[in-house]
Amino acid sequence: MERRELAVDGMDCAGCARSVKGAIEQVQGVQEADVRLMAGKVVVTANANAQPWPAVSDAIERAGYTVADSASEPKESAATQTHTRRSMGVLAAVAAAVLAMAVLGHGLGVFAWIERVVPWPLGVAATFGLGYPVFKKVAVATLNRRIIAHTLMAVGVAAALATGEWVTALIIVIFMRLGDYVESFTTERARDALRTLVHQTPQQARIERESGTEQVSIGEVVPGDVVQVRPGEKIPVDGTVLEGHATIDQSAITGESMPVEAMPGDSVFAATVAHGGRLRIRAEEIGEDTTFGRVVQMVEEAEAHRGRMQQWADQFSGYYLPFVAAAAGATYLIGGSIMATVAVLVVACSCAFALATPVAMLAAIGTSARQGVLIKGGKYIEALAQADTLLIDKTGTLTLGEPRITDVISINGITEAELLRLAAATEQHSEHPLGAAVRRAATARELDLPPPHDFEAVPGRGVRATVDGTTVAVGNASFVGNAPGISTNRPGQTPLYVSVDDELAGVLWAADAERAGVQSALDALRNHFDTLEILTGDAEQTAEVVAERFGLAYRAELLPDDKIAAVRAHQDAGRTVVMVGDGVNDAPALAQADVGIAMGAGGTDVAIDAAHIVLMRDDWALVPAVVQTATRALGVVKSNLVLTAVYNMLALGAASVGYLPPVLAAALHSIPDLGILANSSRLLRRSSVTAD
Ligand SMILES: Nc1ncnc2c1ncn2[C@@H]1O[C@H](COP(=O)(O)OP(=O)(O)OP(=O)(O)O)[C@@H](O)[C@H]1O
Ligand SMILES: [Zn+2]
């Protein structure tokens, strides 16, 4: 199987996407075509042996669309806020002019006059000439046995021509072209949010070759190459600094331009910008494999993760066309007026139903991505807006996840240094933050660590290994055992029990600092969620202190599986669950939640993969912000749908009883599309996710 991305021009709505998908999937050897309307791309999976690629391109062209040269080259975006406004102004002016002409013409009998003085073949020719692109699409769709929105309008035009009303037909065609433009404009505008992101993708790199440095396109860089970056330049790859010192602006990834220092040994990320010094960087990940590349890719894929509302709207827009056709038939049979029938065919706008959701969702997703919040689909926006239960991981989420060992207490005659030495040796290969804390404490005392053998890490409990011929275990009470002589009560601190040859040898106390901004974020979140609960693997007493401090419910001493079960229990009770975690050790629980939010994931692949929403920087303020974004986006979707529904009801009603002359109907057709555009661009305009 081979997977290829093709850039396809001319896809403006869900209907177009369906045509393209259908056309490609009929090609021999093609397994699947995943159309990404907003990215203007199709991802085709096919059996490479069948050599389907020329046939795929043909199929796309035959369906009425064009295959652009390269999928990776982002188009230059000229569209900005002012651009939108100006274009909408021009559109409105043109529409108003044509409308005025049409209504006046109709009322003052100018139509009749034009029809008298202009020979009808000329008028018919003009109608066909102007309408050619639209008629061609309709013809192609019909040949593929598909009805598209324009099919009905084309029937309307034909009916008008058949009754000799060629001026009406011509004006309908003018509005059809105008409507097409409005629709593609709406889609283009939604694409801007994504395009601005894609546009930050590095295209070039300066790599070191034996013959000297060479500027190459990013596709030629391979892992291991050494890349040079000058002050003010974009870092082209994910990699490690070999030489130099610079201040890095990571806003492309984190959405915040707080500079970070980079020195030899530090990791740096593609699409971030180096200031103040030159760097030599060893390339590790390139292109799509970089953190930034993955973000872009996931935003592009976000379209595929549709919420219930969008699935419903997509289905509905499919049923709507036959319904309108039936309404037109009934209008003709009951009222007998061809002009009323034409008006019905022309006024209905099914596209708007399909556009209502993705335009708003993509606007929210694109805008959020630039602010360091990666949302993987409209589905999660919908769930987030409707969620009522917030589960929060403790370590690494409410706290920094960088514990320190505050106290070492030995018993049974062993020295403190020896206890720490054995514990740290046992934790040598641990990936747990507590393991790192123990190692740091040993390093601070300059202890030499013997190598551990038979290392074993038990999730949610602790670690065990053979050190210097003795068996050492470090972990919680249920793993190591507690001794009556040891005080276990230190509010907010975590005890790590250490046993040597199954004999308790002491306790290491660990303390973790709280993250900033938790309290105010939680206060904001209480408006949205009625249940807020901590889920932690940590000890009861430790959890209790934190829970009390933030006024949260809690469940402690949970094993990783218990966390998943806790999420599921809430879901079984009919609740919509959002879980916030660090995405590393609680990934399965995040995945189980309706919406899993990973915090501070900048650079960790596990977290980016596991969560549905990824916060690219450690900032609690982003949590209420993304909830707010979701709520607003869903509000816009709902008002888009209501607007479209009300419009269609009123318009169809008026048209079917003959209140709406066909020319006016044609003029009104694009109103919902424009409404959706205007309504949804509210989501683009204001940056709702800010760090203050
Ligand atoms: N490497 C380790 N060394 C020592 N103790 C450990 C280790 N791994 C786990 N433990 C013990 O198991 C407990 C639970 O660990 P787990 O990783 O499930 O949760 P946590 O990191 O404490 O908190 P949270 O669930 O909030 O992320 C820890 O509090 C600790 O007592
Ligand atoms: Zn369309």
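Keep in mind it's a predicted model, so treat the numbers as computed, not measured. (Residues numbered from 1 in each chain as written. Chains lettered and ligands numbered in written order. Predicted model: local features only at pLDDT ≥ 70, side-chain atom pairs only at ≥ 80, totals over all residues. Heavy atoms only, no water.)

Points about the pairing of strand β15 (residues 389-393)
Then step 1. Counting buried positions along β15 gives five out of five residues, so the element sits mostly inside the fold.
Then step 2. Both β15 and strand β22 (residues 531-535) contribute to a ladder of five bridges, which runs parallel. What sits directly across from Leu391, in β22, is Glu533.
Then step 3. Bridging between β15 and strand β24 (residues 577-581) involves four bridges; their strand directions are parallel. When the bridges of β24 are listed, Leu391 appears paired with Met579. (Buried < 20%, exposed > 50% of the residue type's maximum accessible area, 1.4 Å probe, protein only. Helix = DSSP H or I, 4+ residues; strand = E, 2+ residues; numbered from the N terminus. Pairing = 2+ DSSP bridges.)

Some remarks on the UniProt feature "domain: HMA" (unreviewed entry) in the protein
Then step 1. As annotated in UniProt, the feature "domain: HMA" (unreviewed entry) corresponds to residues 2-68 in the numbering used here.
Then step 2. Taken end to end, residues 2-68 has its terminal C-alpha atoms 19 Å apart, with 33% of it in helix and 34% in strand. (UniProt positions renumbered as here; feature names shortened; annotations may be inferred.)

Quick notes on the side chain of Gln250
Then step 1. Inspection of the secondary structure assignment puts Gln250 in the loop between β9 (246-249) and α8 (251-254).
Then step 2. For Gln250, the contacting residues outside a window of four places in its chain are Gly255, Glu256, Val260, Phe269 and Thr272. (Contact = heavy atoms within 4.5 Å.)

Quick look at the sheet that holds strand β23 (residues 553-555)
Then step 1. Read from one edge to the other, the open sheet built from seven strands follows the order β14-β26-β25-β24-β15-β22-β23, with strand pairing classed as mixed. Each end of this open sheet is capped by a strand with a single partner; those strands are β14 (373-375) and β23. Across the sheet, the mean angle separating the axes of adjacent strands is 20° when strand polarity is ignored.
Then step 2. Bridge count between β22 and β23: three bridges; the pairing is parallel. If you follow Ile534 over to β23, its bridge partner there is Tyr554.
Then step 3. Running at roughly 100° to strand β25 (residues 595-598), helix α13 (residues 378-386) makes contact with β14, β24, β25 and β26 (613-615) of the sheet. (Axes fitted to C-alpha atoms, helices over the stretch in contact; angles between N-to-C directions.)

Some thoughts on unusual backbone geometry
Then step 1. A positive phi angle, close to 45°, is found at Gln51, a residue other than glycine.
Then step 2. Along the chain, Gln51 turns up in the loop between β3 (41-46) and α2 (53-62).
Then step 3. Under the relative-accessibility criterion, Gln51 is labelled exposed at 62%.
Then step 4. For Ala271, which is not a glycine, the phi torsion comes out positive at approximately 80°.
Then step 5. Inspection of the secondary structure puts Ala271 in the loop between β11 (267-268) and β12 (273-275).

Quick word on the site of ligand 1
Then step 1. Around ligand 1, 21 residues are found, and the nearest of them are Thr395, Glu427, His432, Gly537 and Lys563.
Then step 2. In the model, an oxygen atom of ligand 1 is placed 2.7 Å from a nitrogen or oxygen of the Thr536 side chain.
Then step 3. Note that an oxygen atom of ligand 1 is positioned 2.6 Å from one of the side-chain N or O atoms of Lys563.
Then step 4. Here ligand 1 loses 96% of its free accessible area of 600 Å² to cover by the protein chains.
Then step 5. Of all elements in the fold, only α14 (394-398), β18 (462-467), β19 (470-475) and β20 (494-500) reach the threshold of two or more residues within the shell around ligand 1.
Then step 6. Mapping the shell around ligand 1 onto the domain boundaries places at least three of its residues in each of domain 4 (376-399 + 516-622) and domain 5 (402-514). (Near = heavy atom within 4 Å. Polar contact = N/O pair within 3.5 Å; in protein donor to acceptor, adjacent residues only side chain to side chain. Areas by Shrake-Rupley, 256 points an atom, 1.4 Å probe, with all protein chains shown as cover. Domains from an automatic or database assignment.)

Topic: the packing of helix α12 (residues 351-370) against helix α23 (residues 622-656)
Then step 1. One can describe the packing of α12 onto α23 by two numbers: an axis separation of 9 Å at closest approach and a directional angle of 160°. As summarised for this structure, α12 and α23 are arranged roughly antiparallel, according to the angle between their axes. In this structure, α12 meets α23 at a crossing whose hand is right-handed. Contacts from Ala352, Phe353, Ala356, Thr357, Ala360, Met361, Ala364 and Ser368 of α12 reach α23 at Thr629, Ala633, Leu634, Val636, Val637, Asn640, Leu641, Thr644, Ala645 and Asn648.
Then step 2. When the residues that make up the contact of α12 with α23 are grouped by side-chain class, the tally is twelve nonpolar, six polar and no charged. (Parallel < 35°, antiparallel > 145°, perpendicular 65-115°, else oblique. Left-handed = near helix turned anticlockwise from the far one by under 90°. Nonpolar A, V, L, I, M, F, W, Y, C, P; charged D, E, K, R; others polar.)

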